[in-house]
Amino acid sequence: IIDLDNDGRISKEEFRCAWLYWLKQILKPVTALVIVDVQNDFISGSLALRECPAGQDAESVVPVINSLLEQNLFDVVVYTYDWHPENHLSFVDNVALRSMHPTSKVTKEDAKVHDEPVFDIGGVSRQQHLWPRHCTQGSWGSELHSDLKVVENAFHVKKGTNPDVDSYSAFWDNDKLSKTELSSILAQKRVTDVYVCGLAYDVCVGYTANDSVDHGFRTVFIEDAARGVALDGISKKREFLLSKGVYMADSAEVPSLV
Ligand code: VGL
Ligand code: ZN
């Protein structure tokens, strides 16, 4: 007998039992926690989320993620890093180095943070959201928050290393020109289920969750272990990810999902 809730859907409790006693035995999930960009610049540096429109406290994800790690729930743990060269196209102070495409509504002279100029990159037009200079390779801002637990045998994946294209997703750059190491790590470890968390909800965590679904992974987004840039961005991203089949979870229910 299946216990259905008011919407006629299987209840969470029923699913939990079905998962634990049947599905998990058959599917034998291999789980990965992908901790996206929990770096100083997004917490207290140049792109501190508390100074972004949503005004969120990015540091508060650290104890939530540490608690998940301390419970040893995952087969694979991956830390990702936004890892930009000095001349990266997303930095507002690099606009002077760039050529604008004729279709750009934003000019070199008045480009500011959050504008989206269209650059001409060797004859290719590429629109880019502008950010303050952040996460330059090897800088303090690019380091993980010092309280974040770093487990042994974890993988460390860098993204955003090409000066001419941004990379919000930990799988691909924004134009899908090249992949990071993430998909080969997950394939080599035979991962089936990807859990994502970190910074920022509506940017890099959201893009990573989307690409995780597109790669065929069952994907869980741990919402209380993520903080975002803008409230409307967060709610739009949430609706979009739900429509793609991402499971939006609270960290407290993760032990019953893995
Ligand atoms: C990110 C803005 C620019 C992120 C990275 O990690 O969410 N956001 N670069
Ligand atoms: Zn970046």
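Described below are features of the structure shown in this document. Just so it is clear, the model here is predicted, and its values are computed rather than measured.

## Section: the overall build of the protein
Looking only at helices and strands, the protein features seven helices and nine strands. For 258 residues, the compact-globule estimate of 2.2 N^0.38 gives 18 Å, and the C-alpha radius of gyration of the protein, at 19 Å, lies within 12% of that figure. Principal-axis analysis of the C-alpha atoms gives the protein an extent of 65 × 40 × 35 Å. Counted over contacts in the protein with a minimum sequence separation of 6, partners at least 24 positions apart contribute 69%.

## Points about the site of ligand 1
In the vicinity of ligand 1, the residues found are D37, D82, W131, L199, A200, V203 and C204. Of the residues in the shell around ligand 1, the class split is five nonpolar, no polar and two charged.

## Quick word on helix α6 (residues 231–243)
The first and last C-alpha atoms of α6 sit 19 Å apart over 13 residues, in line with the 18 Å expected at 1.5 Å per residue. Along α6, the residues classified as buried are I234, K237 and L241. Mapping the buried residues of α6 onto a view down its axis gives an arc of 70°, with all of them on the same face. Looking at α6, the residues exposed on the side facing more than 90 degrees away from the buried face are D232, S235, E239, L242 and S243.

## As for the nonpolar core
Grouped together as the largest cluster of nonpolar side chains are 57 residues, with contacts concentrated most on V34, Y195, V196, C197, L199 and V205. Those residues in contact with Y195 that sit more than four places away from it in its chain are T31, A32, L33, V34, F74, V220, I222 and V254.

## Let's talk about the sheet that holds strand β3 (residues 99–100)
Spatially, three strands are ordered β3-β4-β5 in an open sheet, and the strand pairing comes out antiparallel. Strands with a single pairing partner mark the edges of an open sheet, and in this sheet they are β3 and β5 (124–127).

## As for the sheet that holds strand β8 (residues 218–227)
Within the open sheet, the six strands sit side by side as β6-β2-β1-β7-β8-β9. Their pairing is parallel. In this open sheet, the two edge strands, each paired with only one partner strand, are β6 (155–159) and β9 (247–249). Going across the sheet, the axis of each strand differs from the next one's by a mean of 25°, ignoring polarity. Pairing analysis gives five bridges linking strand β1 (residues 31–36) to strand β2 (residues 76–82), with the strands arranged parallel. From the neighbouring strand, L33 faces β2, where its bridge partner is V77. Contacts from helix α5 (residues 201–214) reach β1, β2, β7 (193–199) and β8, with the element oriented near 170° to β7.

## Overview of α5
Across the 14 residues that make up α5, a large majority, twelve, are buried. Those residues of α5 lying buried are Y201, D202, V203, C204, V205, G206, Y207, T208, A209, N210, D211 and S212. Buried-residue contacts for α5 involve β1, β2, β7, β8 and α6. Positive phi appears at G216, one or two residues downstream of α5, with a value of about 95°.

## Description of the packing of α5 against α6
For any two helices packed against each other, one specifies the crossing angle of their axes together with the interaxial distance. At their nearest, the axes of α5 and α6 sit 10 Å apart, and the two run at 10° to each other. Accordingly, the angle class assigned to the pair α5 and α6 is roughly parallel. Residues Y201, D202, G206, A209 and N210 of α5 touch α6, and the partners they reach there are G233, I234, K237 and L241. Of the residues that constitute the contact of α5 with α6, the class distribution is four nonpolar, three polar and two charged.

## Quick look at the environment of T192
Position of T192 among the secondary structure elements: in the loop between α4 (182–188) and β7. The class of T192 is partly exposed, set by 16 C-beta atoms lying within 10 Å. Taking the C-alpha atoms as reference points, T192 and F217, 25 residues apart in sequence, are found 5.4 Å from one another. When residues no more than four places from it in sequence are discounted, the contact partners of T192 are P29, V30, F217 and R218.

## A word on unusual backbone geometry
Here L199 and A200 are connected by a cis peptide whose omega angle stands at -10°. Along the chain, A200 falls in the loop between β7 and α5. Positive phi is not limited to glycine here, since N72 has a value of about 50°. Summarising the element assignment, N72 is placed in the loop between α3 (61–70) and β2. Note on N72: 9 C-beta atoms within 10 Å, which makes it exposed.

Scoring rules and cut-offs
Residues numbered from 1 in each chain as written. Chains lettered and ligands numbered in written order. Predicted model: local features only at pLDDT ≥ 70, side-chain atom pairs only at ≥ 80, totals over all residues. Helix = DSSP H or I, 4+ residues; strand = E, 2+ residues; numbered from the N terminus. Rg over C-alpha atoms; globule rule 2.2 N^0.38 Å. Contact = placed C-beta atoms within 7 Å. Near = placed C-beta within 6 Å. Nonpolar A, V, L, I, M, F, W, Y, C, P; charged D, E, K, R; others polar. Expected span 1.5 Å × (residues − 1). Buried ≥ 20, exposed ≤ 12 C-beta atoms within 10 Å, placed from the backbone. Arc of directions from axis to C-beta. Core = buried A, V, L, I, M, F, W, Y, C linked by C-beta atoms within 7 Å. Pairing = 2+ DSSP bridges. Axes fitted to C-alpha atoms, helices over the stretch in contact; angles between N-to-C directions. Parallel < 35°, antiparallel > 145°, perpendicular 65-115°, else oblique.

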